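Tertiary structure, described
Below, each chain spelled out in residue letters.
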Amino acid sequence: MKKITVFKGDGIGPEITDAVLKILEAAKAPLEYEVFRVGLDEYEENGALIPEAAFASFEANKVLLKSPITTPIGKGFRSLNVTLREKYDLYANIRPAKSNTAVVTPFPDVDIVTFRENTEDLYVGVEEQIDADTVHATKIITRRASTRIITDAFEYARAQGRKKVTCVHKANILKKSDGLFLSIFKEIAEKYPDIQADDRIVDAVCMQLVMKPQQFDILVMPNLYGDIVSDLTSGLIGGLGLLPSSNLGRDHAMFEAVHGSAPDIAGKNIANPTAFLWSACMMLEYLGEMEAAARIRRAVDQVLAESEHKTPDLGGRATTTEYRDAIIAHL
């Protein structure tokens, strides 16, 4: 049995966490859980967004399943996601967007994996108030961080039998920072002659993604573009409720849904746990539990194909618990 840390988060976090843990139990995933409440409620009660015991658990177990945590916009505390990524050097944010035939969109046959550098760029959060009307923000791109995320993208392509890696950048304007990222990409691409490599400017990529997304395979890019472009890819497959992610470092790994805490629907039992469940499947695969992950994926596909138990965001009327129970029934 592998022991993992679980953060319940806030908003819809506790609801989808409970659903996913019950599904993992039904799938007989060989896991033990150390579950912690984190986020706004924890802060209001105990003065800390993440209790020290939760940090200690993740440091010991090295694997974290984290549900959404609310981040205030324009004020208040810094994103806990950013804090966790920096604290544990979770440099590779991997976000796979794959079409499901049971979810009808204008874009069939999408199968895109975004590799987002996760520790630097504008997300270092270094801002300076120059005067009442001027703020400067610092963008950081380093050879070390760029090299490892680009290398991981090519290694993933080779391991998964994928054919192409595209570097997404704005080096035509940001000639030094994005220029460095692009030059490192070209250096590394030469070491992988079996993988097709090209580069595109980020705005052109966004246009092409909504015209012919099937031309893309693996995308690798700095932090900010990765956040935006991967959300765009979720729209191609049916929305953020279907986009999982992993945040990998050399020693620790965090798995989370890409979407936010959706406080507007919290407590209504209508949240879609699929992205979080598929993130849990990525965690199982990371731990070598391929069979359990495959069983869960098949069960989800069956439930979506039947269309009787889809949550409202997918055009259905099922509650979170009804959707959960339908998946468990297939397991």
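Starting afresh in each chain, residues are numbered from 1 along the sequence in its written order. Residue-level local features of this predicted model are given only where pLDDT is at least 70; pairs of side-chain atoms are given and counted only at 80 or more, and the full residue set underlies all totals for whole chains, interfaces and linings. Excluding hydrogens and water, the side-chain figures rest on all heavy atoms present in the structure.

**Considering the side chain of His169**
The residue His169 is located in strand E8 (residues 164–169) in this model. Pairing of N or O atoms within 3.5 Å defines a polar contact, subject to two protein rules: one partner must be a possible hydrogen donor and the other a possible acceptor, and residues neighboring in sequence count only if both atoms are side-chain atoms. Within the local environment of His169, its side chain forms a polar contact with the backbone nitrogen of Ala171, the two atoms lying 2.9 Å apart. With sequence-adjacent residues up to four places away left out, His169 is seen in contact with Asp178, Leu182, Asp199, Arg200, Ile201, Val202 and Tyr225. In this description a helix means any DSSP run of H or I spanning at least four residues, a strand means any run of E spanning at least two, and both kinds are numbered starting from the N terminus. The criterion used for residue contact is that any of the two residues' heavy atoms lie within 4.5 Å.

**What to know about the packing of helix H10 (residues 290–306) against helix H11 (residues 320–330)**
How two helices pack is summed up by the angle between their axes together with the distance between the axes. In this analysis an axis means a line fitted to C-alpha atoms, helices contributing only their contacting stretch, and an angle means the value between N-to-C directions, from 0 to 180 degrees. Between H10 and H11, whose axes approach to 8 Å, the crossing angle comes to 120°. Compared by their axis directions, H10 and H11 come out oblique. Of the two possible hands of crossing, H10 and H11 adopt the one that is right-handed. Residues Ala299, Val300, Gln302, Val303, Leu304 and Glu306 of H10 lie in contact with H11, whose contacting residues are Tyr323, Ala326, Ile327 and His330. Just so you know the grouping, Ala, Val, Leu, Ile, Met, Phe, Trp, Tyr, Cys and Pro go in nonpolar, Asp, Glu, Lys and Arg go in charged, and all remaining residues, Gly too, go in polar. Its residues placed into classes, the contact of H10 with H11 shows seven nonpolar, two polar and one charged. Here the angle decides the label: under 35 degrees means roughly parallel, over 145 means roughly antiparallel, 65 to 115 means roughly perpendicular, and every other value means oblique. What makes a crossing left-handed is the near helix being turned counterclockwise from the far one by less than a right angle; a clockwise turn instead makes it right-handed.

**With respect to H10**
To estimate the expected span of a helix, count its residues, drop one, and scale the result by 1.5 Å. With 17 residues, H10 should cover 24 Å at 1.5 Å per step; its first-to-last C-alpha distance of 24 Å lies within 8% of that length. If you follow the buried residues of H10, they end up packed against helix H1 (13–26), helix H9 (274–286) and H11. Looking one or two places after H10, you find Ser307, whose phi comes out positive at around 65°.

**Things to note about the sheet that holds strand E3 (residues 63–66)**
In short, DSSP must find at least two bridges between two strands for them to pair. Read across the open sheet, the ten strands follow the order E2-E1-E3-E12-E11-E4-E5-E10-E8-E9; overall the sheet is mixed. Strand pairing shows two members of the sheet lacking a second neighbour, strand E2 (31–36) and strand E9 (196–201), which therefore form its edges. On average, each strand axis in the sheet is inclined to that of its neighbour by 25°, with strand direction left out of account. The strands that H1 touches are strand E1 (2–7), E2 and E3; relative to E2, the one it contacts most, it runs at about 165°. Together, E8, E9 and strand E10 (218–221) form the strand contacts of helix H6 (residues 177–189), whose direction differs from that of E8 by roughly 165°.

**Some thoughts on the pairing of E10**
Taken residue by residue, a regular strand's side chains alternate between the two faces of the sheet. Burial of E10 is two-sided: the residues Ile218 and Val220 facing one way and the residues Leu219 and Met221 facing the other way are all buried. Looking at chain direction, strand E5 (residues 111–117) and E10 are connected through four bridges and run parallel. In the sheet register, Val113 faces E10, and the bridge partner there is Ile218. Judged from the three bridges that link them, E8 and E10 form a sheet pairing that is parallel. Across the sheet, Thr166 pairs through a bridge with Leu219, a residue of E10. For each residue, the accessible area found with a 1.4 Å probe, counting protein chains only, is set against the maximum for its type, and the residue is called buried under 20%, exposed over 50%, and partly exposed in between.

**Topic: the pairing of E8**
Across the six residues of E8, six count as buried, placing the element largely inside the fold. Of the two faces of E8, the one carrying Lys164, Thr166 and Val168 and the one carrying Val165, Cys167 and His169 are both buried. Across six bridges, E8 lies against E9 in parallel orientation. Within E9, the position partnered with Cys167 by the bridge is Asp199.

**Some points on a nonpolar patch on the surface**
In this scheme, patches are assembled from residues that exceed 30% relative accessible area and form no salt bridge. Like charges are connected within 9 Å, while nonpolar side chains (Val, Leu, Ile, Met, Phe, Trp, Tyr) are connected within 5 Å. All accessible areas in this document rest on Shrake-Rupley with a 1.4 Å probe, and a residue is counted as covered only by the protein chains that are shown. Here, a salt bridge means any side-chain nitrogen of Lys or Arg that lies within 4 Å of a carboxyl oxygen of Asp or Glu. Together, Met207, Val210 and Met211 line one region of the surface with nonpolar side chains, adding up to about 300 Å² of accessible area. You can see Val210 is positioned in the loop between helix H7 (202–209) and E10.

**Let's talk about the nonpolar core**
As used here, the term nonpolar core means buried Ala, Val, Leu, Ile, Met, Phe, Trp, Tyr and Cys residues forming a set that is joined through side-chain atoms within 4.5 Å. Membership of the largest hydrophobic core comes to 82 residues, with the highest contact counts inside it found for Leu24, Leu65, Ile150, Phe154, Val165, Val220 and Ile296. Of all the elements, H9 adds the most residues to this core, at nine residues. Leaving out residues up to four positions away in the same chain, Val220 has contacts with Phe115, Ile149, Ile150, Ala153, Val165, Thr166, Cys167, Val168, Phe181 and Phe185. Within the second largest apolar cluster, 15 residues are counted, among which are Leu49, Phe55, Leu84 and Tyr88.

**Description of the pattern of salt bridges**
Going through the model one piece at a time under the given rule, you end up with 21 salt bridges. In this structure, the salt-bridge partner of Arg37 is Glu45, at a minimum N-O distance of 3.2 Å. By relative accessible area, Glu45 is classed as exposed at 57%. The closest approach of N and O atoms between Arg143 and Glu187, which form a salt bridge, is 3.3 Å. Here Arg143, found in helix H5 (residues 143–160), pairs with Glu187, found in helix H6; they are 44 residues apart in sequence, far enough to count as distant. The exposure class of Arg143 is partly exposed, given its relative accessible area of 42%.

**Remarks on the state of the cysteines**
By disulfide we mean two sulfur atoms from cysteines, separated by a distance within 2.5 Å. One pass over the full model with this rule turns up zero disulfides. Free cysteine Cys167: the closest other cysteine sulfur is in Cys206, separated by 14 Å. Judged by relative accessible area, Cys206 falls into the partly exposed class, the value being 21%.

**Side note on the environment of Arg324**
Take Arg324: it is sitting in helix H11. Take Arg324: its relative accessible area is 15%, and that puts it in the buried class. Separated by 214 residues in the primary sequence, Arg324 and Val110 have C-alpha atoms spaced 26 Å apart. Once residues within four sequence positions are removed from consideration, Arg324 is found in contact with Ala19, Lys22 and Ile23. Of the polar contacts made by the side chain of Arg324, one reaches the side chain of Asp325; its length is 2.9 Å.

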